[in-house]
Amino acid sequence: MTLSDVSIKRPVFTIMVSVAIVVLGIMGLFRLGVNLFPDVEFPIVTVTTLYPGASPAELETQVSEHIEDAIVSVPGVKHMTSFSRESVSFILIEFDLSADPAESAALVRERVAGVRGLLPRDAEEPTVARFDVNATPIATYVLSGEISETHLRDFAEDTLKPALETLEGVASIEIVGGRERQVNVLLDLDRIQALGLTPLSVVERIRSENLSVPGGNFDEGTRSINVRTLGEFESVAELRDLPITTGADGSIVRLGDLADVEDAFADLSEVVRANGEAAIIFNVFKTSGGNTVEVSATVREHLAAMTLPSGMETRLIIDQSEYVLENIHEVQISLWFGGAMAILVILLFLLDLRSTFISALALPTSVLGAFFLMWLLDFTLNMMSLLGLSLAIGLLIDDSIVVRENIMKHLERGADPKTAASEGTKEITLAVLATTATLCAVFVPVAFTGGIVGQFFREFGLTIAGATVISAYVAFTLDPMLSAYLAKTKKHGEERPKSMWDFIVKPLSRFYDTLDSLYHAFLVRVLATRLSMGVALVFAFGVAF
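Fair warning: this is a prediction, and the values are worked out from it, not measured in the lab.

Visitor: So what's going on with the overall build of the protein chain? Residues and values would help.
Guide: Tallying secondary structure elements over the protein chain gives 20 helices and 17 strands in all. Relative to the globule expectation of 24 Å for 545 residues, the C-alpha radius of gyration of the protein chain, 37 Å, shows a markedly less compact shape. Referenced to the eigenvectors of the C-alpha coordinate spread, the extents of the protein chain come out at roughly 125 × 65 × 55 Å. The burial tally for the protein chain puts 38% of its 545 residues in the buried class. In the protein chain, the share of contacts with a sequence separation of at least 24, taken over all contacts with a separation of at least 6, comes to 73%. Summed over all atoms, the accessible surface of the protein chain reaches about 30,900 Å², with 60% contributed by carbon and sulfur.

Visitor: Go over the nonpolar core with me, naming the residues and quoting the values.
Guide: With 33 residues, the main nonpolar core has Phe-371, Met-374, Leu-381 and Leu-389 as its most contacted residues. Those elements that place two or more of their residues in this core are helix 11 (320–350), helix 13 (362–376), helix 14 (383–396), helix 16 (417–447) and helix 17 (451–476). Ranked by residues supplied to this core, first place goes to helix 11 with seven residues. When near neighbours in sequence (up to four residues on either side) are disregarded, Met-374 contacts Leu-32, Phe-379, Thr-380, Leu-381, Ser-385, Leu-389 and Thr-463. In terms of nonpolar packing, the next biggest core, distinct from the first, is built from 21 residues, Phe-155, Leu-164, Val-170 and Val-299 among them.

Visitor: Now, about a negative patch on the surface: what can you tell me, with residues and values included?
Guide: A grouping of Asp-188, Asp-190, Asp-260 and Glu-262 is seen on the molecular surface, where their side chains present a negatively charged patch. Position of Glu-262 relative to the elements: it lies in strand 13 (residues 259–265). We classify Glu-262 as partly exposed; its relative accessible area is 32%.

Visitor: Lay out the confidence of the model for the protein chain with the relevant residues and their values.
Guide: Of the residues in the protein chain, 94% have a pLDDT of 70 or more, and the chain-wide mean is 82. Of all secondary-structure elements in the protein chain, the lowest mean pLDDT belongs to strand 9 (residues 212–220), at 70, while helix 2 (residues 11–31) reaches the highest, 90.

Visitor: Break down the packing of helix 15 (residues 398–412) against helix 16 for me, citing the residues and quoting the values.
Guide: Their axes nearest at 8 Å, the elements helix 15 and helix 16 cross at an angle of 145 degrees. Helix 15 and helix 16 meet at a crossing whose hand is right-handed. Two secondary-structure elements touch here, helix 15 through Asp-399, Val-402, Val-403, Asn-406, Ile-407, Lys-409, His-410 and Leu-411 and helix 16 through Pro-417, Ala-420, Ala-421, Glu-423, Gly-424, Thr-425, Glu-427, Ile-428, Val-432, Thr-435 and Thr-436.

Visitor: Kindly report on the packing of aromatic side chains, identifying the contributing residues and their values.
Guide: Overall, the coordinates contain seven aromatic pairs when judged by the stated rule. Centre to centre, the rings of Phe-457 and Phe-460 are 5.7 Å apart; their planes meet at 90 degrees, and the pair counts as edge-to-face. Here the residue Phe-457 and the residue Phe-460 both occupy positions in helix 17, the gap between them amounting to three residues, near one helical turn. The exposure class assigned to Phe-457 is partly exposed, which follows from its relative accessible area of 33%. A relative accessible area of 9% means that Phe-460 is categorised as buried. In this structure an aromatic cluster arises from ring pairing among Phe-349, Phe-511 and Tyr-512.

Visitor: Tell me about helix 3 (residues 56–71), residues and numbers included.
Guide: At Ser-64, helix 3 shows its maximal kink, close to 40 degrees. Buried within helix 3 we find Leu-59, Val-63, Ser-64, Ile-67, Glu-68, Ala-70 and Ile-71. Buried residues in helix 3 make contact with strand 2 (41–50), strand 3 (77–85), strand 4 (88–95) and helix 4 (101–114).

Visitor: Please provide a residue-by-residue account of unusual backbone geometry, values included.
Guide: Unlike most non-glycine residues, Ser-87 shows phi in positive territory, near 75 degrees. Among the structural elements, Ser-87 can be located in the loop between strand 3 and strand 4. The phi dihedral of Asp-378 falls on the positive side, at around 65 degrees, and the residue is not glycine. By relative accessible area, Asp-378 is classed as exposed at 66%.

Visitor: Describe the environment of Ile-393, with residues and values.
Guide: As for its position among the elements, Ile-393 is in helix 14. Of the residues examined, Ile-393 reaches a relative accessible area of 5% and is grouped as buried. For the pair Ile-393 and Phe-511, spaced 118 residues apart in the sequence, the C-alpha separation amounts to 27 Å. Those residues in contact with Ile-393, other than ones at most four positions away along the chain, are Leu-335, Gly-338, Gly-339, Ala-342, Leu-363 and Val-367.

Visitor: Mind laying out the side chain of Ser-422, listing which residues take part and the relevant values?
Guide: Examined against the element boundaries, Ser-422 turns out to sit in helix 16. Classification of Ser-422 as buried rests on a relative accessible area of 11%.

Visitor: Tell me about a nonpolar patch on the surface, and name the residues and values.
Guide: A cluster of nonpolar residues, Val-12, Ile-15, Met-16, Val-19, Val-23, Leu-24 and Met-27, forms a patch on the protein surface that exposes about 580 Å² of accessible area. Its location among the elements puts Ile-15 in helix 2.

About the thresholds
Residues numbered from 1 in each chain as written. Predicted model: local features only at pLDDT ≥ 70, side-chain atom pairs only at ≥ 80, totals over all residues. Heavy atoms only, no water. Helix = DSSP H or I, 4+ residues; strand = E, 2+ residues; numbered from the N terminus. Rg over C-alpha atoms; globule rule 2.2 N^0.38 Å. Buried < 20%, exposed > 50% of the residue type's maximum accessible area, 1.4 Å probe, protein only. Contact = heavy atoms within 4.5 Å. Areas by Shrake-Rupley, 256 points an atom, 1.4 Å probe, with all protein chains shown as cover. Core = buried A, V, L, I, M, F, W, Y, C linked by side-chain atoms within 4.5 Å. Patch = residues over 30% accessible without salt bridge, like charges linked within 9 Å, V, L, I, M, F, W, Y side chains within 5 Å. Salt bridge = Lys/Arg side-chain N within 4 Å of Asp/Glu carboxyl O. Lys, Arg positive; Asp, Glu negative; His and termini not counted. Charge placed at Lys NZ, Arg CZ, Asp CG, Glu CD. pLDDT = per-residue confidence, 0-100. Axes fitted to C-alpha atoms, helices over the stretch in contact; angles between N-to-C directions. Left-handed = near helix turned anticlockwise from the far one by under 90°. Phe/Tyr/Trp six-rings, centres within 6.5 Å; stacked < 30°, edge-to-face > 60°. Bend = angle between axes of the 7 residues up to and from the residue.

As structure tokens, then:
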């Protein structure tokens with residue numbers, strides 16, 4: 001017993017399976033993330049090392065060369081480029097396309113950790129990071145008001161940033177602009193040299209005193225209490241009173257005697273203005289694989305509900321979700337338009353509402369089933385996956401048309417609907433399977449193309465292949481079942497009953513009959529002699545190439 005026979009004999013089972021596909025597809029659709037492009041991992045790793053105050057030459061010899069020597073032996077390294085700038089060493093490592101970015105980053109991190117002892121003590125810990133194409137802000141807001149930049153920055157750091165980073169899908173908040181509070185120690189070089197000191201020795205003295213270190217533990221009955229020695233400065237006055245050395249007369253020389261210690265601000269490297277007023281910018285970054293549209297909407301709603309201090313306001317200046325939605329909307333229009341045109345073409349050629357309805361059911365069922373498969377495979381609604389669906393619209397209905405047309409042929413020969421549905425589907429089974437297999441053979445290899453291009457086309461290829469397989473299932477189950485119970489026996493040459501659409505149906509019917517006659521005459525002429533068949537074959541190959 002074939003699948004189509006089971007579907008015809010068990011219509012309730014067939015309907016429930018189809019409904020299940022539709023329901024699961026709707027559930028998957030509402031759970032799919034929305035992004036502009038698929039998540040793509042580039043095989044690029046960066047190593048950034050900060051060495052405050054160091055010149056490019058010092059960074060090259062003391063930092064970059066040590067790290068390069070350690071990384072060059074990592075498997076899969078294709079290119080390595082280093083840039084040494086004032087206080088910063090930046091190394092970019094490009095791996096082969098076949099390399100796993102996560103594994104490559106882990107290997108680089110291990111090698112860098114192995115040479116940490118060779119780097120200058122004052123150099124900060126090297127930062128190893130993978131290049132992420134999605135590591136760009138999804139939204140940029142400006143915070144402004146008739147208050148100082150200092151208060152704007154403090155509010156953003158202390159209130160706004162912690163509140164937004166707790167939202168679901170938000171990875172981090174980056175604040176740009178404003179003035180950061182900083183304690184400046186302005187050394188008097190003449191007085192330092194007179195005491196036989198150097199700026200570095202003063203810095204080391206401040207660093208060694210501004211520490212909180214473990215102080216051991218002591219037992220108190222049945223409890224063991226950890227002790228810490230708190231040595232960090234709590235005020236500028238404490239920093240001024242820090243003893244640095246002793247003078248020639250034995251007196252204590254404090255930091256305030258050698259420098260001006262002030263509670264001030266860091267030097268401005270960037271200035272942000274909004275409509276001429278002092279402002280700051282904060283960028284919103286989403287988590288990896290997060291829904292750009294949902295995260296942006298969540299942040300926007302949370303900011304609208306927040307109570308800001310008097311005279312302060314936030315404005316959205318860049319929203320990536322709007323661009324994503326615009327592009328997705330255009331693809332969705334193409335999807336709907338393509339589906340509607342496919343159904344219209346079926347109606348114009350079959351000239352039968354029942355046949356059109358039965359064949360057209362393959363479209364929503366296949367598309368919604370594809371959404372469920374996309375959710376299972378952790379895909380997102382993006383340009384590539386929706387482009388695959390819009391391209392597959394014309395393919396998804398082919399199987400149903402072929403099956404329905406063959407069933408109608410048996411109905412015209414006088415078979416009852418159930419027999420026509422069973423025999424018509426059996427005759428065409430291998431042809432439909434061959435068509436489906438051919439499409440899968442074309443698009444599945446596209447999904448497994450190597451390199452960065454393959455990552456972009458993976459969702460494209462698998463989406464088309466999955467939707468095509470579901471359409472073949474619908475053609476073998478739902479279509480013959482509906483044909484068996486909704487179709488009517490139709491004798492060949494029987495006139496159509498009159499209807500209000502005769503002004504459209506009759507001219508089209510006459511046109512199709514004329515086309516059939518011309519095609520029949522053409523076939524008779526081509527098949528009459530071997531010469532005519534050879535000429536037709538050569539002509540066909542010529543048109544193909």
